[in-house]
Every structure is written in C-alpha cells, then in structure tokens.
Amino acid sequence: MSFVVNALSDCAAEILGFDASRPTPAPDLARLREAFRVHPILCLRDQSLDARGLGAFARQFGPLERQDRSAYCHEDDNDILILSNDRRADGSQVGIVDAGDFWHSDSSHMAEPTRITMLHSVKNPAKGGDTLYIDMRAVYAALPAALEARVAGRNAIHHVAKTLNPRVTVSAERAGAAAYYKSREKETRPIAQPMVRTHPETGAQALYISPRFTIGIEDMDDAQAQPLLDELFRRMFSNPAWQYTHAWRDRDLVMWDNACLVHMAGGGYDYPDVRRMHRATVAGEPAYYRP
Ligand SMILES: [Fe+2]
C-alpha cells in the first residue's frame, strides 16, 4: 500500500490512500505507527468500514476495551460503541448522546486508561459535530518553572461522577444521567493519576489533568488545589497553536493518542440532524500512563 501523510497541524495529520478494511501489511502498519508517534491525531480518509471492520482494524493496535454500556454496543461487534443523537421509532436513543461533552482524556478515571481511541464517522450532521483537541505536551512545555515545580511529582484525583465536579454539568438530553452519576459518587473509587506523565514511546512529557475528570490533587487542600487546577486549565486554552479542531467528513476514521492529548465533542447539532459515530478503544498497556 502506498499512502500519503499530510500534516494538518502541529499534532494532526491526514492519511490518504490507505484501506483500513483489509488486514494491514506489516510494513504499512509500522509506517502508520511511526506517523502516529509524530502526529498523535491521524485521520484516515474515505474508509468504508462496518463495525466488524473497525474492530478488526483497531485490534491490530492492541486488545480493545470491553464496553460496559451494552445498550449502546454494536450488535455485530460488542467492543464497538455507538455515539449518536439518533432515536428509534419509540423515542429511545440508539447511542450515547452526550459522549465527550467536556475536555478530557479517555477513561482517566480508570486505573488503566484508554490508550488509543478510534472514531469512524458513519454520518455527520449538516452542521456542527466537530471534535476538538489540545496537545498537552505543548501545554506542559510552556509551563513557567514555578508552576512546573508545583505539579512535579504530584498526583491528581480523577472521578467519573459529574455530580462531584463543579466544572461540568450533566446533560439533560441523556435520560437518567443525573441519577447515574449520583450513584457513582460513592460506588466508584477516585483514581490518582500523575499530573505529569511520560509518553511510553517518544519520552515526551505531558500535563495529565482535565476539567471533566480531575476533581482535586492528592495530599493538597482544595483551598490550594482548586486555584492551581484553575490556573492550569486556563493555560490549556491560552494558545490556539496547541489546539486542533477536526471538522469531520463522512467516512473519516480518526485515531488519537490519549497519552498526550485531551479532547472534547464540540456539539452544535440537533436532532433530527443526525450524527452517528462508531468508537473503538484500545486498552492501555500496563503503566503506560506513569510519570
Ligand atoms: Fe472521549
């Protein structure tokens, strides 16, 4: 296969001439992995893939995470999750409607967070639906020395319950979401993650916090921790050059490296303008996220 890598930004590239519907020959997989080390966001254009095909492509990068939201798993491959605002005739949702509505790194609230996330666009809305990214390596590299010293060696506390986090709100669009997050407050243990982590392949260091999941700092009073988090979050958004916004085309397959990015769903579309994405998540190898 001869495919082309075109940089779209400092951290994103598009891949043209690649066919993800067939097993990837080893030399091409090696080339793709190398491109992924350079560009932690890769958009493979024009991929005609069903759910099984997406699953097969994604498993070339490692075992997929099991999905606990079975109502939204694809019937042809249970490791594929449907993200969509589409509704059945009875009004029920066909997929997760509020996925990724605040800045986050996937599953940082879990002991072993997601390594690679892949989204395949089955149907894009007429407007909106962008996915936004921030390169947390750049954010970390630009921290003033005094701030770097305050996060060095620290762990942040991550938790899934939106109801514990005043920086986010619970979507009214998802039935039962508030009750779900309320139930998670005590049933799910908080997870400590290093505030700075080292990429397992490139060695690059990145800030590892997010407004969605980070609710505090280990061994630090909130009186100090919350203003520090606010300052770090403010810096995350302070330079447009660190951001990449992906405006989806139908059949885009985007894969991103959660080891150095945060991302968010941009929204901006309303039913019956339907968006449908299929998602596969490659599990993190043990300790990939360590300092
Ligand atoms: Fe996400």
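This section reports on the structure supplied with the text. Every value quoted in this text rests on a predicted model; they were computed, and no experiment measured them.

### A closer look at the overall build of the protein
Scanning the protein from terminus to terminus reveals six helices and 16 strands. Relative to the globule expectation of 19 Å for 291 residues, the C-alpha radius of gyration of the protein, 19 Å, shows essentially globular dimensions. In terms of overall dimensions, the protein has C-alpha extents of about 50 × 45 × 35 Å along its principal axes. With 291 residues in all, the protein has 52% of them scored as buried. Of the contacts formed within the protein by residues at least 6 apart in sequence, a portion of 79% connects residues at least 24 apart. In the structure as shown, the protein presents an accessible area of about 13000 Å², 50% of it carried by carbon and sulfur atoms. For the protein, the separation between the mean place of its 34 positive charges and that of its 38 negative charges on side chains is 1 Å.

### Concerning the packing of aromatic side chains
For any pair of aromatic rings, the description rests on two quantities: the centre-to-centre distance and the angle between the ring planes. Applying the stated rule across the entire model yields seven aromatic pairs. Ring centres of Phe18 and Phe57 lie 6.0 Å apart, and the angle between their planes is 75°; this geometry places the pair in the edge-to-face category. Here the residue Phe18 occupies a position in the loop between strand E2 (12-16) and helix H1 (26-38), and Phe57 occupies one in helix H2 (residues 51-59), the gap between them amounting to 39 residues. Given the relative accessible area of 4%, Phe18 is considered buried. By relative accessible area, which is 1% here, Phe57 ends up buried. Aromatic rings pair up to connect Phe3, Phe18, Phe57 and Phe61 into one cluster. In this structure, Arg87 packs its charged tip against the face of Tyr271, placed 4.2 Å from the ring centre. Over the ring of Tyr208 we find Arg197, and its NZ or CZ is 3.4 Å from the ring centre.

### Thoughts on the sheet that holds strand E13 (residues 243-246)
Across a sheet, strands are paired by hydrogen bonds formed along the backbone, either parallel or antiparallel in direction. Taken in spatial order, the three strands line up as E13-E7-E15 in an open sheet, and their pairing is antiparallel. Whereas interior strands pair on both sides, the edge strands pair on one side only; in this sheet they are E13 and strand E15 (261-265). Strand after strand, the sheet turns through a mean of 20° between neighbouring axes, direction not considered.

### Comments concerning the coordination of the iron ion
Looking at the iron ion, one finds its protein donor set to be His104 (NE2), Asp106 (OD) and His263 (NE2), positioned 2.1 Å from the metal centre. Every donor residue of the iron ion comes from the same chain, spaced as H-x1-D-x156-H. Of the two residues, Asp106 is situated in the loop between strand E5 (77-84) and strand E6 (116-123) and His263 in strand E15; the sequence distance between them amounts to 157 residues. The pair formed by Asp106 and His263 is uniform in burial state, with each residue classed as buried.

### Focus: the sheet that holds strand E4 (residues 73-74)
As summarised here, the arrangement of the eight strands in space is E1-E2-E3-E14-E6-E16-E5-E4, forming an open sheet in which the pairing is mixed. Since the sheet does not close on itself, it has two edges, and those belong to strand E1 (4-7) and E4, each with one partner. Here E6 runs beside strand E14 (residues 253-257); their pairing, made up of five bridges, is antiparallel. Each bridged residue has a counterpart across the sheet, and for Ile116 the counterpart in E14 is Asp257. Here H2 sits on the sheet in contact with strand E3 (41-44), E4, E5, E6, E14 and strand E16 (276-282), set at roughly 110° to E5.

Cut-offs used in this document
- Residues numbered from 1 in each chain as written.
- Predicted model: local features only at pLDDT ≥ 70, side-chain atom pairs only at ≥ 80, totals over all residues.
- Heavy atoms only, no water.
- Helix = DSSP H or I, 4+ residues; strand = E, 2+ residues; numbered from the N terminus.
- Rg over C-alpha atoms; globule rule 2.2 N^0.38 Å.
- Buried < 20%, exposed > 50% of the residue type's maximum accessible area, 1.4 Å probe, protein only.
- Contact = heavy atoms within 4.5 Å.
- Areas by Shrake-Rupley, 256 points an atom, 1.4 Å probe, with all protein chains shown as cover.
- Lys, Arg positive; Asp, Glu negative; His and termini not counted.
- Charge placed at Lys NZ, Arg CZ, Asp CG, Glu CD.
- Phe/Tyr/Trp six-rings, centres within 6.5 Å; stacked < 30°, edge-to-face > 60°.
- Lys NZ or Arg CZ within 6 Å of the ring centre and 35° of its normal.
- Pairing = 2+ DSSP bridges.
- Axes fitted to C-alpha atoms, helices over the stretch in contact; angles between N-to-C directions.
- Donors = N, O, S within 2.8 Å, 3.2 Å for Na, K, Ca; no water.

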